Amino acid sequence: MKELKILYLYPDILELYGDFGNIQILKYRLEKRGIKAIIEQYSIGDNTPNFNNYDLVFAGGGADQEQGILADDLIKYKDNIKDAINNGVFFLLICGAYQLFGKYYKSADGNIVPGLEVFDYYTEAINDRKKRCIGNIIIETSLNGKTSKIIGFENHGGQTFNISNPFGKVLFGNGNKFGDTEEGYFQKNVIATYLHGPLLSKNPELTDYIIKHCLDRKYDEDITLEPLDDTFEELCRNQLLNKFLNNN
Ligand code: GLN
């Protein structure tokens, strides 16, 4: 039986926006195909993880204060994380976690939270806590050469700059900053995005892209995933795409 090992970072701290749902969707879509989902968690005080021991690392979003709490702990693993990314381990990072993998996050109060500096982007929140990018968001991206619409919900004060390769083009919503045309950061084995939702619950195609990427790397194969019945997911997606892109 094939399996995927997933490391879920700071589930007790980065839990404000329901991003745990992404872990549940990954588990569901793996197990529906008879693939074992081994999900381990890491938070402050736990044994030091070796990020190279996993196929996929996931971290969700959180408020400014929580980001400040875990930053000093996360930074201890900077070199191991960089090594794992260079070795092809997949990282799915949502919002607050996305921000912390850059150079720094400047919170609405002006506090500088040091980032891992894995990527060159940086984030600065507007110094008015009421000014936040909040709402439904739809972006267009290319997954293995196939154009796909990704649906989510954004809620961030942080405005992210110096993105070398965005995850997608904004069709509806804000993106990396107010009124931006770009959202997130993307490279072969990293998706860093502002999209909550949970992200994967609204985007089965994206989930399967991530699963296939991880399995292909782990088993050195070009695996064809057994299709799942996504009738309900597609009904919901069409409803949302019509509502936000066609004003229906
Ligand atoms: N605290 C960060 C911000 O406000 C991240 C928010 C989040 O994770 N949704 O931009």
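Would you explain empty space enclosed by the protein in this entry?
One way to see where empty space is left: roll a probe the size of a water molecule over the atoms. This model, assessed by the stated rule, comprises one cavity of 30 Å³ or more. If you add up the space inside the largest cavity, you get close to 30 Å³. If you trace the largest cavity, you find it lined by Leu9, Tyr10, Leu14, Ala59, Leu70, Leu74, Ala97, Leu100 and Phe101. At the level of secondary structure, the elements contributing two or more residues to the lining of the largest cavity comprise helix H2 (64-74) and helix H4 (96-100). Class assignment for the residues of the lining of the largest cavity results in nine nonpolar, no polar and no charged.

Looking at this model, I keep getting lost on the site of the ligand. Mind explaining?
Taken together, 16 residues form the shell around the ligand, and within it Asp64, Gln67, Cys95, Gly158 and His196 come nearest. Aspartate 64 is positioned such that a nitrogen or oxygen atom in its side chain is 2.6 Å from a nitrogen atom of the ligand. The side chain of arginine 132 places a nitrogen or oxygen atom 3.1 Å from an oxygen atom of the ligand. Within the complex, the protein chains bury 99% of what would otherwise be the 300 Å² of accessible surface of the ligand. Among the cavities detected, the one that contains the ligand is the largest pocket. When grouped by side-chain class, the residues that make up the shell around the ligand number four nonpolar, ten polar and two charged.

Is there a simple way to think about helix H1 (residues 20-31) in this case?
Along an α-helix, a turn takes 3.6 residues, which lines up residues three or four apart on a common side. In this model, H1 (twelve residues) spans 17 Å end to end at C-alpha, consistent with the 16 Å of a helix rising 1.5 Å per residue. Looking only at H1, the buried set comprises Gly21, Asn22, Ile23, Leu26, Arg29 and Leu30. Buried residues belonging to H1 abut strand S1 (3-9), strand S2 (36-42), strand S3 (56-59), strand S4 (90-94), helix H5 (204-219) and helix H6 (231-245).

Would you take a moment to explain the layout of surface pockets for this structure?
In this structure, the largest pocket occupies an estimated 200 Å³ of space. Together, 20 residues line the largest pocket, and Tyr17, Asp64, Tyr105, Arg132 and Gly157 are the ones closest to its centre. Contributions of two or more residues to the lining of the largest pocket are made by H2 and strand S9 (146-156). Per-class residue counts for the lining of the largest pocket are eight nonpolar, seven polar and five charged.

I'm lost on the nonpolar core in this one. Help?
A general tendency of soluble globular proteins is for nonpolar side chains to be buried together. In terms of nonpolar packing, the biggest core is built from 70 residues, with Ile81, Phe91, Leu92, Phe101, Leu206 and Ile210 touching the most fellow members. When neighbours within four sequence positions are excluded, phenylalanine 91 is seen to be in contact with Phe51, Val57, Ile81, Ala84, Ile85, Phe101, Asn189, Val190 and Ile191. Within the second largest apolar cluster, five residues are counted, among which are Ile138, Leu240, Leu241 and Phe244.

Got a minute to help me understand the confidence of the model for the protein in this structure?
Detailed conclusions should not be drawn from predicted coordinates in areas where pLDDT is low. Taken residue by residue, the protein gives an average pLDDT of 97. The fraction at 70 or more is 100%. Confidence scores differ between elements of the protein, with H2 showing the lowest mean pLDDT of 96 and S4 the highest of 99.

Whenever I open this one, the packing of H1 against H5 confuses me. Can you help?
If you want to describe how two helices pack, look at the angle between their axes and the distance between the axes. The geometry of H1 relative to H5 is characterised by a closest axis approach of 10 Å and an angle of 70 degrees between their N-to-C directions. One way to sum up the angle between H1 and H5 is to call them roughly perpendicular. Packed against H1, whose contacting residues are Ile25, Leu26, Arg29 and Leu30, the element H5 presents Pro204, Thr207, Asp208 and Ile211 at the interface.

Parameters at a glance
- Residues numbered from 1 in each chain as written.
- Predicted model: local features only at pLDDT ≥ 70, side-chain atom pairs only at ≥ 80, totals over all residues.
- Heavy atoms only, no water.
- 1 Å grid on protein atoms, 1.4 Å probe; cavity = no way out; pocket = protein on both sides within 12 Å on 5 of 7 lines; lining within 4 Å.
- Points joined across faces, edges and corners; volume = space filled by probe spheres on them.
- Helix = DSSP H or I, 4+ residues; strand = E, 2+ residues; numbered from the N terminus.
- Nonpolar A, V, L, I, M, F, W, Y, C, P; charged D, E, K, R; others polar.
- Near = heavy atom within 4 Å.
- Polar contact = N/O pair within 3.5 Å; in protein donor to acceptor, adjacent residues only side chain to side chain.
- Areas by Shrake-Rupley, 256 points an atom, 1.4 Å probe, with all protein chains shown as cover.
- Sits in = over half its atoms within 2 Å of the grid points.
- Expected span 1.5 Å × (residues − 1).
- Buried < 20%, exposed > 50% of the residue type's maximum accessible area, 1.4 Å probe, protein only.
- Contact = heavy atoms within 4.5 Å.
- Core = buried A, V, L, I, M, F, W, Y, C linked by side-chain atoms within 4.5 Å.
- pLDDT = per-residue confidence, 0-100.
- Axes fitted to C-alpha atoms, helices over the stretch in contact; angles between N-to-C directions.
- Parallel < 35°, antiparallel > 145°, perpendicular 65-115°, else oblique.

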